Amino acid sequence: MGCDGGTIPKRHELVKGPKKVEKVDKNAELVAQWNYCALSQEILRRPIVACELGRLYNKDAVIEFLLDKSSEKALGKAASHIKSIKNVTELRLSDNPAWEGDKGNTKGDKHDDLQRARFICPVVGLEMNGRHRFCFLRCCGCVFSERALKEIKAEVCHTCGAAFQEDDVIVLNGTKEDVEVLKGRMEERRLRAKLGKKAKKPKAAESVSKSDVSEETPGPSKIKTGKPEETSLDSREKKTNSAPKSAANGSSSGKAGKPPCGATKRSIADSEESEAYKSLFTTHSSAKRSKEESAHWVTHTSYCF
């Protein structure tokens, strides 16, 4: 028990009472929320992103978290709702010209004003230090104070001019009630996206099947043209069957035409054409010359045999 040297213990040293509730300093909590990453607990540096619940992160930390989803990470609970990089929005922040950072206190002889923020509202000029409510737009990522959106009511972004709706406005580092409302919106948005993807899949399959059917069965306009590329298989088979019949009819009639592959060649002299028509060909007797009449040099005329 001790008590050596005449020490007298007091009651609070021997009897353990209920622990006092530790109160969190509000100023320190605001500094942690608005100046440090909610995932890696490092100082916020550009590019800065925000999730659908209004928490601030470094983009590098979010990418590392998505690549390494190990269960050993204790800070992974803060970003468990982030499934892909599409679930975060890169913020467009306006710098505060009065903020010097660590440049003004290099020697340590000056007071650091923790209420001085790095970023401000581009419309009203309020500092983003947690004293005022700030929000951002999911469509473009621009950050404004809630006072600016209430005083200047518009359906278009004040900076870039992008159109937005009420669902696109997300409060940064809001209260528990704000987080619950944003969580409900997030779940509804993701459910709508899933239903939209499921509805698109059968439509895509139907369009593919319709295109296949249109390629296999041509329409009536294609059949009438009679082109070999557009005719159906039945018409091609009919043409091939009628080809030998037409060739046989042509040979019997004696008209000039291309003979079939298996047919023998016949001379123009044996045909029943007129003598004027036969004289046009070199095989006619009038076109032939004797050796005495022919020249002794070689020419490229049709009379040289």
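Residues numbered from 1 in each chain as written. Predicted model: local features only at pLDDT ≥ 70, side-chain atom pairs only at ≥ 80, totals over all residues. Heavy atoms only, no water.

Quick look at the overall build of the protein
Right, on to step 1. Within the protein, the secondary structure is distributed over 8 helices and 8 strands.
Right, on to step 2. Put simply, of all contacts in the protein between residues at least 6 apart along the chain, 44% involve residues at least 24 apart.
Right, on to step 3. Accessible surface, the protein as shown: approximately 23,700 Å² in total, 54% of it carbon and sulfur. (Helix = DSSP H or I, 4+ residues; strand = E, 2+ residues; numbered from the N terminus. Contact = heavy atoms within 4.5 Å. Areas by Shrake-Rupley, 256 points an atom, 1.4 Å probe, with all protein chains shown as cover.)

Some points on a positive patch on the surface
Right, on to step 1. Together, Lys-86, Lys-194, Lys-197, Lys-198, Lys-200 and Lys-201 give the surface a local cluster of positive charge.
Right, on to step 2. Note that Lys-194 resides in helix H5 (residues 176–216). (Patch = residues over 30% accessible without salt bridge, like charges linked within 9 Å, V, L, I, M, F, W, Y side chains within 5 Å. Salt bridge = Lys/Arg side-chain N within 4 Å of Asp/Glu carboxyl O. Lys, Arg positive; Asp, Glu negative; His and termini not counted. Charge placed at Lys NZ, Arg CZ, Asp CG, Glu CD.)

Thoughts on a nonpolar patch on the surface
Right, on to step 1. On the surface, Ile-63, Leu-67 and Ile-85 cluster together into a nonpolar patch covering about 290 Å² of accessible area.
Right, on to step 2. You can see Leu-67 is positioned in helix H3 (residues 59–67).

A word on a negative patch on the surface
Right, on to step 1. Residues Glu-166, Asp-167, Glu-187 and Glu-188 make up a contiguous surface patch of negative charge.
Right, on to step 2. Examined against the element boundaries, Glu-188 turns out to sit in helix H5.

Digging into helix H2 (residues 26–35)
Right, on to step 1. Buried within H2 are the following residues: Leu-30, Val-31 and Trp-34. For H2, the arc enclosing every buried residue in end-on projection is 100 degrees, short of the 170-degree limit, so these residues lie on one face. (Buried < 20%, exposed > 50% of the residue type's maximum accessible area, 1.4 Å probe, protein only. Arc of directions from axis to C-beta.)

A word on the confidence of the model for the protein
Predicted coordinates in regions of low pLDDT should not be interpreted in detail.
Right, on to step 1. Per-residue confidence for the protein gives a mean pLDDT of 75; residues scoring 70 or more make up 63%.
Right, on to step 2. Across residues 220–233 the pLDDT falls below 50, and counting only partners more than four positions away or on other chains, this stretch makes 9 contacts in the model.
Right, on to step 3. Considering only residues more than four positions removed or in separate chains, one finds that residues 243–257, a stretch of pLDDT under 50, has 6 contacts. (pLDDT = per-residue confidence, 0-100.)

Brief notes about the sheet that holds strand S7 (residues 143–145)
Right, on to step 1. Read across the open sheet, the 3 strands follow the order S7-S6-S8; overall the sheet is antiparallel. Sheet topology places S7 and strand S8 (169–171) at the edges, where each strand pairs with a single neighbour. Each adjacent strand pair in this sheet contributes to an overall mean axis angle of 35 degrees, direction not counted.
Right, on to step 2. Pairing between strand S6 (residues 134–137) and S8: 3 bridges, direction antiparallel. The residue of S8 that forms the bridge with Cys-135 is Val-171. (Pairing = 2+ DSSP bridges. Axes fitted to C-alpha atoms, helices over the stretch in contact; angles between N-to-C directions.)

Details of empty space enclosed by the protein
Empty space among the atoms becomes visible once a probe the size of a water molecule is rolled across them.
Right, on to step 1. For the coordinates displayed, the defined rule picks out 3 cavities of 30 Å³ or more.
Right, on to step 2. Computed from the structure, the second largest cavity encloses a volume of approximately 40 Å³.
Right, on to step 3. What lines the second largest cavity is Trp-34, Asn-35, Leu-44, Ala-117, Arg-118, Phe-119 and Met-128.
Right, on to step 4. Considered class by class, the residues forming the lining of the second largest cavity number 5 nonpolar, 1 polar and 1 charged. (1 Å grid on protein atoms, 1.4 Å probe; cavity = no way out; pocket = protein on both sides within 12 Å on 5 of 7 lines; lining within 4 Å. Points joined across faces, edges and corners; volume = space filled by probe spheres on them. Nonpolar A, V, L, I, M, F, W, Y, C, P; charged D, E, K, R; others polar.)

Quick look at the sheet that holds strand S3 (residues 89–90)
Right, on to step 1. With antiparallel pairing, the 3 strands of this open sheet are ordered in space as S2-S1-S3. The sheet terminates laterally at strand S2 (56–58) and S3, the two strands that pair on one side only.
Right, on to step 2. Here strand S1 (residues 48–50) pairs with S3 via 2 bridges, running antiparallel. Across the sheet, Val-49 pairs through a bridge with Glu-90, a residue of S3.
Right, on to step 3. Where H3 meets the sheet, its contacts fall on S1, S2 and S3, and the angle it forms with S2 comes to roughly 80 degrees.

Here we look at the nonpolar core
Right, on to step 1. By size, the foremost hydrophobic cluster in this structure holds 42 residues, and its most contacted members are Tyr-57, Ile-82, Leu-91, Met-128, Phe-134, Val-143 and Leu-172.
Right, on to step 2. If sequence neighbours within four positions are ignored, Leu-172 has contacts with Trp-34, Ala-50, Gly-54, Leu-56, Met-128, Phe-134, Cys-135, Phe-136 and Val-143. (Core = buried A, V, L, I, M, F, W, Y, C linked by side-chain atoms within 4.5 Å.)

Details of unusual backbone geometry
Right, on to step 1. The peptide bond linking Arg-46 to Pro-47 adopts the cis configuration, its omega dihedral lying at 0 degrees.
Right, on to step 2. Despite not being glycine, Gln-41 has its phi angle at roughly 60 degrees, a positive value.
Right, on to step 3. With respect to the secondary-structure elements, Gln-41 resides in the loop between H2 and S1.

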